[in-house]
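Examining the three-dimensional arrangement
Listed below are the residues making up each chain.
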Amino acid sequence: MITIEFGGAAETVTGSNFLVKSSRGTFIVDCGMFQGPDVEYRNLEDFNYDPSSVDFAVLTHAHLDHCGLFPKLVREGFSGKIYATTSTISLATEILLDSAKIQENNFKRGIPFGKFVDEVKLIYNSKDASDTISQFVSVNFRDTFEPVEGIKITFIRAGHVLGAASVEVEIDDVDGKRTILFSGDIGRAKEKIIDSYDLVYKSNPDYILLESLYGGMFHPPIEDSTQDLLNIVNETLERGGNVFIPSFALQRTQLLLTIFKHAKLNGSLDQDVHVWLDSPLAQRITNIYLKSLQQTDEPLFDFPNLHYVKKYKESIKLRKHKGQIIIAGSGMADGGRIVEHLFHGLKNKKNSVVFVGYQAEGTMGRVLVEGTKKVRIGTKNIPVNARIEYLHGFSAHGDTVDYENWLEPKKSDNLKKVFLIHAEKERAINMKNHLKDELDIANTYIPKWKEVVKLD
Ligand SMILES: [Zn+2]
């Protein structure tokens with residue numbers, strides 16, 4: 001008998017964690033952190049299963065909501081291998097060490113673990129992150145391997161971010177073979193800097209776990225948001241203001257650098273404009289992208305007057321300048337160096353702040369894009385006079401059309417059920433309706449957190 005336990009990303013977006021039990025062995029796909037006001041407390045709870053009982057693990061990609069609790073799993077007894085692509089391992093190494101460092105700093109200063117829990121707790125430290133990293137084993141896309149006898153695994157390119165994969169698992173169980181396909185996070189049909197999701201690979205799974213984050217929604221084309229961004233930038237620079245872009249370190253920052261590089265090449269952004277990348281994590285991640293993607297002598301991300309800001313004291317100096325672009329983490333302005341830039345820059349009506357990604361509830365980014373006139377930063381109330389913009393076209397996630405394009409070639413008489421995951425319940429319901437109307441797939445199910453489903 002095969003069962004899947006939905007340890008996360010069920011009726012919510014984050015905390016990806018799927019425990020599969022079979023007569024051949026027990027494994028998990030992803031072990032991600034929960035993010036957001038109603039789920040963050042779950043990071044502090046015990047796992048629903050004994051970590052030492054898990055034989056091996058598979059990681060789809062390096063985002064924190066997919067890899068961020070592996071060090072906790074290791075700390076609590078998991079000693080098996082964690083299979084992932086080479087790029088995912090390089091990226092997850094940076095993400096996990098960064099996450100451990102933030103926790104250690106907060107813990108030392110008596111700051112609670114998260115934004116929505118009061119408890120001061122260290123769920124893992126740098127050593128746990130390093131131990132986790134030593135358990136990673138690199139696999140190639142499309143190579144099938146057998147971590148334990150009777151369980152075969154194949155990673156398939158998913159687009160989304162560098163190294164991201166969907167994972168196909170074939171289990172030769174005592175009562176017959178079953179193939180389960182975990183979508184991971186699915187990227188967009190036309191990716192700008194990495195390859196898109198692989199539609200050439202053929203498979204006919206019995207079960208599919210499908211990301212439904214943007215179920216029922218459709219993204220504007222990236223070209224529209226690119227044009228909007230350049231218009232905002234040029235208008236702001238003309239009036240002598242600064243442009244602040246809170247950006248996610250992984251993929252979004254590299255996309256922005258590509259956009260500014262092309263804009264400078266084609267003359268839609270002046271060559272003299274200074275662009276500051278003020279995030280050490282984003283710089284390290286950009287270097288990983290470079291190592292993996294650089295094929296010719298033409299620089300991928302570099303352009304005239306792009307500067308990497310390393311030290312904090314260099315970051316402070318940026319406040320004196322006008323007419324520049326500052327890209328800094330975090331993407332939702334709830335931490336990182338962008339907070340101080342906004343502390344000093346929000347009151348100036350010549351400045352602009354451009355949000356380029358999802359803004360979760362409870363973050364400063366969300367409050368700003370909702371049009372607040374005042375924000376509290378530290379102990380001060382800061383008037384919001386700067387222009388605030390929110391561009392939706394840069395998402396690294398696919399939309400409803402992408403999910404359907406991705407799913408359609410995998411539809412066969414074998415398909416017994418599609419589980420709709422990685423989404424708020426309402427979006428999952430939208431996706432369920434779309435699959436019925438557009439692809440005539442009616443056997444869909446929205447699992448609940450901690451629900452255990454038996455696969456027939
Ligand atoms: Zn992701």
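Residues numbered from 1 in each chain as written. Predicted model: local features only at pLDDT ≥ 70, side-chain atom pairs only at ≥ 80, totals over all residues. Heavy atoms only, no water.

Turning to helix α9 (residues 338–345), a few remarks are in order. Considered for burial, the residues of α9 that qualify are I338, V339, H341, L342 and G345. One side of α9 holds all its buried residues, which, seen down the axis, span an arc of 160°. Residues of α9 that are buried in the fold lie against β12 (243–246), α8 (312–317), β15 (325–328), β16 (352–355), α10 (364–369) and β17 (374–377). (Buried < 20%, exposed > 50% of the residue type's maximum accessible area, 1.4 Å probe, protein only. Helix = DSSP H or I, 4+ residues; strand = E, 2+ residues; numbered from the N terminus. Arc of directions from axis to C-beta. Contact = heavy atoms within 4.5 Å.)

In this section: the domain arrangement of the chain. Along its sequence, the chain is organised into domain 1 (2–217 + 396–455) and domain 2 (222–390). A straight line from the C-alpha centre of domain 1 to that of domain 2 covers 30 Å. Contacts between the two partners involve 21 residues from domain 1, matched on the other side by 21 residues from domain 2. Regarding the contact of domain 1 and domain 2, the summed buried area is about 1,800 Å², with carbon and sulfur atoms giving 69% of it. Its largest share of buried area at the contact with domain 2, domain 1 owes to E94, K192 and I193, together 33% of the area lost on that side. The interface formed by domain 1 and domain 2 contains three salt bridges. Measuring nitrogen to oxygen at the nearest pair gives 2.6 Å for the salt bridge that ties R284 to E94. Counting every contact that joins domain 1 to domain 2 gives four residue pairs in polar contact (both at pLDDT 80 or more). (Domains from an automatic or database assignment. Buried area = accessible area lost by both parts, 1.4 Å probe. Salt bridge = Lys/Arg side-chain N within 4 Å of Asp/Glu carboxyl O. Polar contact = N/O pair within 3.5 Å; in protein donor to acceptor, adjacent residues only side chain to side chain.)

With that settled, the discussion passes to the side chain of T258. In this structure, T258 sits in helix α6 (residues 252–266). Separated by 2.7 Å, the side chain of T258 and the backbone oxygen of Q254 make a polar contact.

Protein-derived coordination of the zinc ion comes from H61 (NE2), H63 (ND1), H160 (NE2) and D185 (OD), at a distance range of 2.1 to 2.2 Å. Because the angles between the four donor atoms bound to the zinc ion fall within 93 to 162°, the donor set is best described as irregular. Within one chain, the residues serving as donors to the zinc ion are arranged as H-x1-H-x96-H-x24-D. In this pair, H63 sits in the loop between β4 (56–58) and α1 (64–67) while D185 sits in the loop between β10 (176–182) and β11 (207–211), placing the two residues 122 residues apart along the sequence. (Donors = N, O, S within 2.8 Å, 3.2 Å for Na, K, Ca; no water. Tetrahedral: all angles 85-135°; square planar, octahedral: opposite > 155°, others 65-115°.)

Sheet architecture is open: seven strands sit in the order β7-β8-β9-β10-β11-β20-β21, paired in mixed fashion. The two strands at the open ends of the sheet, each matched to only one other strand, are β7 (144–148) and β21 (444–445). Here five bridges tie β11 to strand β20 (residues 417–421), and the two strands are oriented parallel to one another. Its bridge partner being in β20, Y207 is matched across the sheet by K417. Together, β9 (165–173), β10 and β11 form the strand contacts of helix α11 (residues 400–407), whose direction differs from that of β11 by roughly 160°. In this fold helix α12 (residues 425–439) packs onto β11, β20 and β21, with an angle of close to 150° to the strand it touches most, β20. (Pairing = 2+ DSSP bridges. Axes fitted to C-alpha atoms, helices over the stretch in contact; angles between N-to-C directions.)

Taking 1.5 Å per residue, 17 residues should reach 24 Å; helix α5 (residues 222–238) reaches 24 Å between its end C-alpha atoms and fits that length. Every buried residue of α5 is listed here: I222, S225, T226, L229, L230, I232, V233, T236 and L237. All buried residues of α5 fall inside an arc of 160° around its axis, so they share one side. In this fold, the buried residues of α5 make contact with β12, α6, β15, β16 and β19 (387–390). Note on α5: the residue one or two positions beyond its end, G240, has a positive phi of about 80°. (Expected span 1.5 Å × (residues − 1).)

If you look at the biggest cluster of nonpolar residues, it comprises 72 residues, and the most contacted ones within it are L229, I245, F260, Y289 and I325. Shared between two domains, this core holds at least three residues of each, these being domain 1 (2–217 + 396–455) and domain 2 (222–390). Once residues lying within four places of it in the same chain are set aside, the contact partners of I325 are V233, V243, I245, F260, L269, V273, H274, V275 and W276. The next biggest cluster of nonpolar side chains, apart from the first, holds 29 residues, and it includes V139, F155, I180 and L209. (Core = buried A, V, L, I, M, F, W, Y, C linked by side-chain atoms within 4.5 Å.)

With that settled, the discussion passes to the pairing of β9. Burial analysis of β9 places seven of its nine residues in the buried class, which makes it a mostly covered element. By the bridge criterion, seven bridges tie strand β8 (residues 151–157) to β9 in an arrangement that is antiparallel. Opposite I151, over in β9, you have I171 as the bridge partner. Pairing of β9 with β10, which is carried by seven bridges, proceeds in the antiparallel orientation.

Side chains of D38, E361, E424 and E426 sit close together on the surface and give a patch of like negative charge. Relative to the helices and strands, D38 is located in the loop between β3 (25–31) and β4. (Patch = residues over 30% accessible without salt bridge, like charges linked within 9 Å, V, L, I, M, F, W, Y side chains within 5 Å. Areas by Shrake-Rupley, 256 points an atom, 1.4 Å probe, with all protein chains shown as cover. Lys, Arg positive; Asp, Glu negative; His and termini not counted. Charge placed at Lys NZ, Arg CZ, Asp CG, Glu CD.)

Volume-wise, the second largest pocket comes out at about 370 Å³. Every element with two or more residues in the lining of the second largest pocket is listed here: α5 and α11. Among the residues forming the lining of the second largest pocket, the class breakdown is nine nonpolar, four polar and seven charged. (1 Å grid on protein atoms, 1.4 Å probe; cavity = no way out; pocket = protein on both sides within 12 Å on 5 of 7 lines; lining within 4 Å. Points joined across faces, edges and corners; volume = space filled by probe spheres on them. Nonpolar A, V, L, I, M, F, W, Y, C, P; charged D, E, K, R; others polar.)

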